[in-house]
Amino acid sequence: MKKLLIANWKMQLSHEEACTWLEKELPSVHETLSFTEHELVICPSFTELPYATSLFEHLVWGAQDCGAEEKGAYTGDVSVLSLKDLEVRYTLIGHSERRRYHGETNELVRKKATLLLKHHIHPVLCIGEAADQIPIRRSILQEQLESVLPAFTSDDLCIIAYEPVWSIGSGKVPSQEDLRIILELIRELLGDHKHLILYGGSVQEAQAKLFSPFVDGFLLGTSSLKSEELKKIILSC
Ligand code: 13P
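Counting starts from 1 at the beginning of each chain's written sequence and moves along it residue by residue. In keeping with the predicted nature of the model, local features appear solely for residues at pLDDT of at least 70, side-chain atom pairs appear and are counted solely at 80 or more, and the whole-chain, interface and lining totals rest on all residues. Derived side-chain values reflect all non-hydrogen atoms in the structure, with water molecules and hydrogen atoms excluded from consideration.

Novice: Describe the overall build of the protein, listing the residues and the values that go with them.
Specialist: Along the backbone of the protein there are 10 helices and 8 strands. Expected size for 237 residues packed as a compact globule is a radius of gyration near 18 Å; at 17 Å, the protein falls within 12% of this value. When the backbone C-alpha atoms are referred to their principal axes, the protein occupies close to 45 × 45 × 35 Å. In this scheme, a residue with accessible area under 20% of its type's maximum is buried, one over 50% is exposed, and one in between is partly exposed, where area comes from a 1.4 Å probe on protein chains only. Among the 237 residues that make up the protein, the fraction classed as buried is 53%. Taking as baseline every contact in the protein between residues at least 6 positions apart, the subset at least 24 positions apart corresponds to 72%. Of the roughly 11,300 Å² that the protein leaves accessible, carbon and sulfur atoms contribute 51%. Charge assignment: positive for Lys and Arg, negative for Asp and Glu; neither His nor the chain ends contribute. Charged side chains are reduced to one point each, which is NZ for Lys, CZ for Arg, CG for Asp and CD for Glu. Of the side-chain charges in the protein, 24 are positive and 34 negative, and the distance between the mean point of each set is 2 Å. We count a stretch as a helix when DSSP gives it H or I for four or more residues in a row; a strand needs E for two or more, and each element gets its number in order from the N terminus. The quantity called the radius of gyration is restricted to C-alpha atoms. Its globule counterpart is 2.2 Å times the number of residues to the power 0.38. A contact between two residues is defined here by any heavy atoms of the two lying within 4.5 Å. Surface exposure here means Shrake-Rupley accessible area, sampled with a 1.4 Å probe, where a residue is shielded only by the protein chains that are shown.

So this is what it looks like as structure tokens:
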């Protein structure tokens, strides 16, 4: 089973910096991949997608978000129709940074999932509890999942990225045993849905080695921009 490695570049690079990364770093990262063992999906900013998808059309690209409507007067939003035109294959939805800084609700996330599925783009649903929600983790994950799952039919693949908010960018990660228990809970909540579960939050080589046997892949932030670190993670999966 291939490991799905999704690189979320967030808003870390300018257009020029991102293009330079793609030209200079991507070829050696690409060489590290085994096409039977890994699927690497890079999610740059929207502004880089036309460049990236046209120049590296043999690679798989993702978006960090999408609008909740197909078209219309929604200033600043980017339509799934544009993502589809660019042959974007995956799109993150419900990232904790969208929930926190843009007030995204589970309801909005469900609308995005429905639209993406309609246009055959894989939604990658990000879920996870904040530090003060650890004691009520079960109910948080349950609410995040149950409010979005109705968008998925039994034929759709649910890609879930479990990203504890307290782990993102902090260097803190769950223990292997805690993660195993949380993944069991997520699987239980997913019921009969076909699914892949990724882990995200401060993943470096050591965590990739430790968690790889339990997960279907990783959602990478900081380390996805450090090509040497990214290669080590790829080789650890
Ligand atoms: P870090 O890997 O920087 O903790 O970010 C994780 C993340 O938010 C990926 O979506």
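Having seen the model, we can carry on.
Novice: How would you sum up the nonpolar core? Please name residues and give values.
Specialist: Counting 59 residues, the largest nonpolar core has Trp21, Trp61, Leu145, Ile186 and Phe218 as the members making the most contacts within it. Considering each element in turn, this core owes the most residues, 7 residues, to helix α8 (residues 176–190). If we skip the residues at most four places from it in the chain, Ile186 touches Ile127, Leu141, Leu145, Ile160, Tyr162 and Ile197. Buried Ala, Val, Leu, Ile, Met, Phe, Trp, Tyr and Cys residues form a nonpolar core when they are joined through side-chain atoms within 4.5 Å. The next biggest cluster of nonpolar side chains, apart from the first, holds 14 residues, and it includes Ile6, Val41, Tyr90 and Leu92.

Novice: Could you give an account of the site of the ligand, with specific residues and numbers?
Specialist: Residues are counted as near a molecule or strand when any one of their heavy atoms sits within 4 Å of it. Near the ligand you find 13 residues, and of these Lys10, Glu163, Gly169, Ser202 and Thr222 are the closest. In the model, an oxygen atom of the ligand is placed 2.6 Å from a nitrogen or oxygen of the Gly169 main chain. Classifying every residue of the shell around the ligand by side-chain character gives 3 nonpolar, 8 polar and 2 charged. Two N or O atoms count as a polar contact when they lie within 3.5 Å, although within protein this holds only if one can serve as hydrogen donor and the other as acceptor, and sequence-adjacent residues are included solely when both atoms are side-chain atoms. Under the grouping applied here, Gly and all other residues not named as nonpolar or charged are polar, the nonpolar ones being Ala, Val, Leu, Ile, Met, Phe, Trp, Tyr, Cys and Pro and the charged ones Asp, Glu, Lys and Arg.

Novice: Lay out the sheet that holds strand β5 (residues 122–127) with the relevant residues and their values.
Specialist: The strand order β1-β2-β3-β4-β5-β6-β7-β8 describes a closed barrel built from 8 strands, whose pairing is parallel. Sheet twist, expressed as the mean angle between neighbouring strand axes with direction ignored, is 25 degrees. Any two strands are treated as partners once DSSP identifies two or more bridges connecting them. Judged from the 2 bridges that link them, strand β3 (residues 60–63) and strand β4 (residues 90–93) form a sheet pairing that is parallel. Paired with Ala63 across the strands is Thr91, a residue of β4. Helix axes use the C-alpha atoms of the stretch in contact, all axes being lines fitted to C-alpha atoms, and the angles between their N-to-C directions lie in the range 0 to 180 degrees. Packing against the sheet, α8 makes contact with β5, β6 (157–162) and β7 (194–200), and its axis sits at approximately 150 degrees to β7.

Novice: Give me the lowdown on the packing of aromatic side chains, citing residues and values where you can.
Specialist: Any two of the Phe, Tyr and Trp rings considered here, Trp counted by its six-membered ring, make a pair once their centres fall within 6.5 Å; the pair's planes then place it as stacked at under 30 degrees, edge-to-face at over 60, or tilted in between. Tallied over the entire structure, the rule returns 4 aromatic pairs. Look at Trp9 and Trp21: their rings are 4.9 Å apart centre to centre, the planes differ by 70 degrees, and that puts the pair in the edge-to-face class. Linking Trp9 in the loop between β1 (3–8) and α1 (15–24) with Trp21 in helix α1, this pair joins segments that are 12 residues apart in sequence. With relative accessibility at 8%, the residue Trp21 sits in the buried group. Pairing Tyr199 with Phe211 gives two aromatic rings, centres 5.2 Å apart and planes at 75 degrees, and the pair type is edge-to-face. One end of the pair, Tyr199, is in strand β7; the other, Phe211, is in helix α9 (residues 205–211), and 12 residues separate them in sequence. Side by side, Tyr199 and Phe211 carry an identical accessibility label, which is buried.

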